[in-house]
Amino acid sequence: MDDYGNELPALTRQQINERFDKGSERMAAIERDLKAVTQQLQERNQQLADLLEFFTAMKGAFKVLNWVGKVAKPLAAIVMLGGACVGFWTAIKGGTSQ
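Residues numbered from 1 in each chain as written. Predicted model: local features only at pLDDT ≥ 70, side-chain atom pairs only at ≥ 80, totals over all residues. Heavy atoms only, no water.

Undergrad: Explain the overall build of the protein chain residue by residue, including any values.
TA: Counting its regular elements, the protein chain contains one helix and zero strands. Counting over 98 residues, the protein chain shows a buried share of 0%. On the protein chain, roughly 9400 Å² of surface is accessible, and the fraction owed to carbon and sulfur atoms is 64%. (Helix = DSSP H or I, 4+ residues; strand = E, 2+ residues; numbered from the N terminus. Buried < 20%, exposed > 50% of the residue type's maximum accessible area, 1.4 Å probe, protein only. Areas by Shrake-Rupley, 256 points an atom, 1.4 Å probe, with all protein chains shown as cover.)

Next comes the structure, spelled out in structure tokens:
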């Protein structure tokens, strides 16, 4: 025994060392699992970024289609008016052919 009376018995010291070794093994396993989970999260983040990019592109496409629709409505009215005018002109000029 030492002079201060705080020396641990050999059996207790061995048990403490075994617990430290088990704790080190457990910590190493936790670190490996954490690394695997981190890798999976990075892959998911990349997939989500790609999905977000796709939805952003689709949002832009719908804006363009909305603009095309806004232009198409008056253009369709103009085309119908032109068709009506041509039909009217044909009816006046040609009359009825018998």
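Undergrad: An account of a nonpolar patch on the surface is requested, with residue identities and associated values reported.
TA: A cluster of nonpolar side chains, namely Leu 48, Leu 51, Phe 54, Phe 55, Met 58, Phe 62 and Leu 65, defines an oily patch on the protein surface of about 730 Å² accessible area. Among the structural elements, Leu 48 can be located in helix 1 (residues 10–94). On the basis of relative accessibility, which here comes to 52%, the residue Leu 48 falls in the exposed class. (Patch = residues over 30% accessible without salt bridge, like charges linked within 9 Å, V, L, I, M, F, W, Y side chains within 5 Å. Salt bridge = Lys/Arg side-chain N within 4 Å of Asp/Glu carboxyl O.)

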